[in-house]
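Residue-level structure breakdown
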Amino acid sequence: MVAPILVDEHPLDTLIRADRMPHIWCPGCGIGVVMRCYAHAIQLLGDDVDRHVVVSGIGCSGRVAGYMNLDSYHTTHGRAIPFAIGLKLANPDLHVTVFSGDGDLAAIGGNHLIHAARRNIDLTVICTNNFNYGMTGGQAGPTTPLGARTSTTPYGCPELPFNLANLLSAAGANFVSRWTSLHVRQVRKDILYAFRKPGFSFIEVLVPCPIGFGRSNKLADAIDELELYRERCEIASGVELDQLGIDLHGDRPIYVGRFVDRDAPQYQPIKLEGSA
Amino acid sequence: MRALRILHDGMPGVCNLHTGEGGVTRPAVLTGSHFMHGDHACAEGALAAGCTFFGGYPITPSTEIAERLAARLPEVGGVFMQMEDEMASMASILGASAAGARAMTATSGPGFSLMMENLGLGVMMELPCVVVNVQRGSPSTGLPTLPGQSDIMQARWGSHGDYGIAAYSPWSPQELFDLTIHAFNVADRFRIPVLLMADEVVGHMVERVIIPDAAEIVHWERKRPNGKPKGDFLPYLAEGADLVPPMAYAGEGYKLHFTGLTHDEKGYPDMSPEVHHALVTRLVEKVRCNADQLIRTESYFMDDASIVVISFGSTARSALRAVKDAREGGIKAGFLRLISIWPFPVDMLRKIDEKAQAYVIPEMNLGQLITEVERYVHKPVLGVNHAGGVMMPPDPILAAIREVS
């Protein structure tokens, strides 16, 4: 057992609710790393912190709303995006970020996800993808790879997963990227980039879930999953979007990088000349 | 020409949509006497109340509310957002409310069912908003274009868990206008979602609607925190006897945390049975202890009434006719019209029961509100019921009055 290092101050003290610690995440979980990237990006943006609002759905990632020292809304399962749309349209000065998981955003919230991307509404969506429903104890979700074992796929997952990057691109998002929780600098940089980018931005981050997903898929130690990412991640250059699907068990590369960066018009509410 | 204009301009962010008469944008309050569609009167009531956000999904027979607001909200600088479904619609108005807007959605039975999930979130986060249900024949897809009044118990208990709610039922386009304003006031004053339970008859009825001067529109204020935002603000501390905590908005600097989880006064999740009991009790008591301000009724011929008819919505129009006919026939009939359905006027009913000999409860369902009456009175209660699809005529109500007299 390594003795904990105790410090009096942390550079992100003002952005994280210390009174909510310890957090609920398991040892080895990658969500906290991504939350730190988000906090750091807010700091780097340098804008008034009071303008930042975080909205989450349900699940382990949903707890981010409770740990960030911002105006924060922990909503119902799958509905973070439409709640965020209401916030953004009622107060367009806000930087509204949705921080949630793959199950919340792409399964129960899937319809809201694609329609928000289609509208190209100015939101930053950070999706931590751990390939399963972690909080409820490791069930299969919309990103669970074919053949992966979970508590609801004891014989291996018989379904193909979403290729989220391809989905979001087809739906119309202005910015789509994917990294892993190893790519701390890239994740931070892309969140910062998304804050400044008009329209819908989607940043997928692959994170280890050693307890919920790893232990039934020979990745019981988070380090093993990170090692897998280190070995197999390749920056996608010239790779077609439909080739960006993730197969953890095969030997294909796991593609990461910025897949979409375009300037389609963002959603604007109708304004009439001469109106109030 | 309009379509061409939008295509020409690319994004329709700023364009000269033809609005109102002569292309002039109209004010929020259309003061004057109008011959107006019920759903449109509802939309105008929302605008008069200062609604600046509508998130909705088209559904008969409420669609005209959305259509009217799609044209009108941009005229007053508000936002009309057509969402992808009713779950999103409900979530979007909660988000807009959290940012400080007066926000509304409108739907009918199938959409109302989908909204139940986030209605509970609105109750739990105490986000004021207005949900209009122009009821149609149900269950399921039922009778999309025809009336019903069968969502009365769903209005009270539709979302899971214990909670208090306020619901109103207009009997005319004028009252749809008036009650939409009142619904926003009640929502804001008590930080609750408020339900406006219209029905297809009233929603699609065209009648005179008088819209007063803007200065005469009643506006109840939200309770707001005093002083500058500080880190120690407790967003769910309800110190007053009304049990309503002051509401702070996103972006004001309070570092709020709102969650659908059971939470303490700071807004932080707390899974202890004590905190859960205290929170849920306050959410229920908040409506109970303020019931006097929420309940609205209207009485006709009640002073000496021995037969009491109780009804609501469009059915109340026929009920009043039947009561008048009974009076002409020498029966001491009286009529209590419920303008608010929830909370139920328990004290009033107990007082009425001291003199009443029998009750007649007409409703366009197979017996929902009648169960509530039966809970509180000790005299015979006779229901007049039809599953919906057509407005109830006065005749069966008059027959029931004669039967119990």
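Quick caveat, the model's predicted, so the values are computed rather than measured.

Attention now goes to the overall build of chain A. Along the backbone of chain A there are 8 helices and 9 strands. On C-alpha atoms alone, chain A measures out to a radius of gyration of 18 Å, which is about the 19 Å that the 2.2 N^0.38 rule sets for 276 residues. Taking the principal axes of the C-alpha coordinates as reference, chain A spans close to 65 × 50 × 35 Å. Of all 276 residues assigned to chain A, the portion counted as buried reaches 54%.

This part covers the overall build of chain B. Across its full length, chain B holds 14 helices and 17 strands. On C-alpha atoms alone, chain B measures out to a radius of gyration of 22 Å, which is about the 22 Å that the 2.2 N^0.38 rule sets for 405 residues. Principal-axis analysis of the C-alpha atoms places the extent of chain B at approximately 65 × 60 × 40 Å. Counting the 405 residues in chain B, one finds 52% classified as buried. Considering only intrachain contacts with a sequence separation of at least 6, the fraction spanning at least 24 residues in chain B is 74%.

Attention now moves to the nonpolar core. Counting residues in each nonpolar core, the largest one holds 201 residues, and the members touching the most others are Val-55 and Leu-87 of chain A together with Val-309 of chain B. For this core, the element with the most residues is helix α7 (residues 173–190) of chain B, which contributes 9 residues. Residues within four places of Val-55 of chain A in sequence aside, it is in contact with Ala-65, Tyr-73, Thr-75, Ala-80, Phe-83, Ala-84, Leu-87, Val-96 and Val-98 of chain A.

This brings us to the interface of chain A and chain B. Tallying the contact residues gives 38 residues for chain A and 48 residues for chain B. Elements supplying a minimum of two residues to the side of chain A that touches chain B: β2 (71–74), α3 (80–90), α5 (110–119) and β9 (271–272) of chain A. A per-class count over the side of chain A that touches chain B returns 16 nonpolar, 14 polar and 8 charged. For β2 of chain A and strand β11 (residues 257–259) of chain B, the ladder comprises 3 bridges, and the chain directions are parallel. Considered in β11 of chain B, the bridge of His-74 of chain A is made with Thr-259 of chain B.

Turning our attention to the sheet that holds strand β3 (residues 95–101) of chain A. One open sheet holds the 9 strands; their spatial order is β7(A)-β8(A)-β5(A)-β6(A)-β4(A)-β3(A)-β1(A)-β2(A)-β11(B), and the pairing between them is mixed. Of all the strands in the sheet, just β7 (233–235) of chain A together with β11 of chain B have a single pairing partner and so form its edges. Each neighbouring strand pair of the sheet contributes to a mean axis angle of 20°, computed without reference to strand direction. Its contacts with the sheet place helix α7 (residues 184–196) of chain A against β3, β4 (124–129), β5 (175–180) and β6 (201–206) of chain A, and it is angled at close to 165° to β6 of chain A.

What follows concerns the packing of helix α11 (residues 315–328) of chain B against helix α14 (residues 394–404) of chain B. Residues and elements named next belong to chain B. At a minimum axis separation of 8 Å, α11 and α14 run at an interaxial angle of 45°. What the angle tells us is that α11 and α14 run oblique. Crossing handedness for the pair α11 and α14: right-handed. The segment α11 lies against α14, with Ser-318, Ala-319, Arg-321, Ala-322, Asp-325 and Ala-326 engaging Pro-394, Ile-397, Leu-398 and Ile-401.

All names here are of chain B. The element strand β16 (residues 358–363) is extensively covered by neighbouring structure, given that 5 of its 6 residues are classed as buried. Looking at chain direction, β16 and strand β17 (residues 381–385) are connected through 5 bridges and run parallel. What sits directly across from Ile-361, in β17, is Gly-383. Of the crossover connections in this fold, the one passing from β16 over helix α13 (residues 369–376) to the parallel β17 is right-handed.

A word on the domain arrangement of chain B. Where the parts come together, the accessible area they lose is often given as the size of the interface. All names here are of chain B. We note that the domain assignment places domain 1 (28–216) and domain 2 (298–404) within chain B. With 22 residues of domain 1 at the contact, the number on the domain 2 side is 22 residues. Looking at the side of domain 1 that touches domain 2, the elements with two or more residues in it are β7 (143–147), α6 (152–157), β8 (166–168), β9 (193–199) and α8 (200–203). For the side of domain 1 that touches domain 2, the leading source of residues is α6, giving 4 residues. Looking at side-chain class alone, the side of domain 1 that touches domain 2 contains 15 nonpolar, 5 polar and 2 charged residues.

Before going further, it helps to spend a moment on the sheet that holds strand β14 (residues 333–338) of chain B. All names here are of chain B. Here we have 5 strands laid out as an open sheet, ordered β12-β14-β13-β16-β17, and mixed in their pairing. Looking along the sheet, the strands with just one partner apiece sit at the ends: β12 (297–300) and β17. Ignoring strand direction, the axes of neighbouring strands in this sheet form an average angle of 20°. Packing of α11 onto the sheet brings it into contact with β12, β13 (307–311), β14 and β16, and relative to β14 it is tilted by some 165°. Each of β13, β16 and β17 is contacted by α13, which is oriented at about 160° to β16, the strand it contacts most.

To characterise two packed helices, one gives the angle between the axes of the helices and the distance between these axes. Residues and elements named next belong to chain B. One way to put it is that helix α2 (residues 38–48) packs onto α7 with a least axis distance of 7 Å and a crossing angle of 25°. Classed by the angle they form, the pair α2 and α7 counts as roughly parallel. Handedness of the α2/α7 crossing: right-handed. Within the contact between the two elements, α2 uses Gly-38, Ala-41, Cys-42, Glu-44, Gly-45, Ala-46 and Ala-48 and α7 uses Pro-173, Gln-174, Leu-176, Phe-177, Asp-178, Thr-180 and Ile-181. Classifying every residue of the contact of α2 with α7 by side-chain character gives 8 nonpolar, 4 polar and 2 charged.

Residues and elements named next belong to chain B. Examined against the element boundaries, Lys-266 turns out to sit in the loop between β11 and α9 (273–288). On the neighbour-count criterion, Lys-266 (18 C-beta atoms within 10 Å) is partly exposed. Considered as a pair, Lys-266 and Leu-237 are 29 residues apart in the sequence and their alpha carbons are 7.5 Å apart.

Residues and elements named next belong to chain B. In this structure, Thr-145 sits in strand β7. For Thr-145, a count of 11 C-beta atoms within 10 Å gives the class exposed. Sequence separation between Thr-145 and Glu-200 is 55 residues, and the spatial gap between their C-alpha atoms is 7.4 Å. The residues contacting Thr-145, other than those within four sequence positions of it, are Thr-60 and Pro-61.

A separate point is the pairing of β5 of chain A. All names here are of chain A. Across the 6 residues of β5, 6 count as buried, placing the element largely inside the fold. Going residue by residue along β5, you find Phe-175, Ser-177 and Trp-179 tucked away on one face and Val-176, Arg-178 and Thr-180 tucked away on the opposite face as well. Sheet analysis places β5 next to strand β8 (residues 254–261), joined by 4 bridges and oriented antiparallel. Bridge pairing in β8 places Val-176 opposite Val-260.

This part is about unusual backbone geometry. The step from Met-21 of chain A to Pro-22 of chain A runs through a cis peptide bond, and the omega angle for that step is 5°. Locating Pro-22 of chain A in the fold gives a position in the segment before α1 (31–45). Note that the residue after Thr-60 of chain B, namely Pro-61 of chain B, is joined by a cis bond; omega there is 0°. As for its placement among the helices and strands, Pro-61 of chain B is situated in the loop between β3 (53–56) and α3 (63–72).

All names here are of chain B. Burial in α13 covers these residues: Leu-369, Ile-370, Glu-372 and Val-373. Buried residues in α13, looked at end-on, bunch into an arc of 160°, giving them a common side. Looking at the packing, one finds that the buried side of α13 touches α6, β13, α12 (346–352), β16 and β17.

Parameters at a glance
- Residues numbered from 1 in each chain as written.
- Chains lettered and ligands numbered in written order.
- Predicted model: local features only at pLDDT ≥ 70, side-chain atom pairs only at ≥ 80, totals over all residues.
- Helix = DSSP H or I, 4+ residues; strand = E, 2+ residues; numbered from the N terminus.
- Rg over C-alpha atoms; globule rule 2.2 N^0.38 Å.
- Buried ≥ 20, exposed ≤ 12 C-beta atoms within 10 Å, placed from the backbone.
- Contact = placed C-beta atoms within 7 Å.
- Core = buried A, V, L, I, M, F, W, Y, C linked by C-beta atoms within 7 Å.
- Nonpolar A, V, L, I, M, F, W, Y, C, P; charged D, E, K, R; others polar.
- Pairing = 2+ DSSP bridges.
- Axes fitted to C-alpha atoms, helices over the stretch in contact; angles between N-to-C directions.
- Parallel < 35°, antiparallel > 145°, perpendicular 65-115°, else oblique.
- Left-handed = near helix turned anticlockwise from the far one by under 90°.
- Right-handed = clockwise from strand over helix to strand, strands pointing away.
- Domains from an automatic or database assignment.
- Arc of directions from axis to C-beta.

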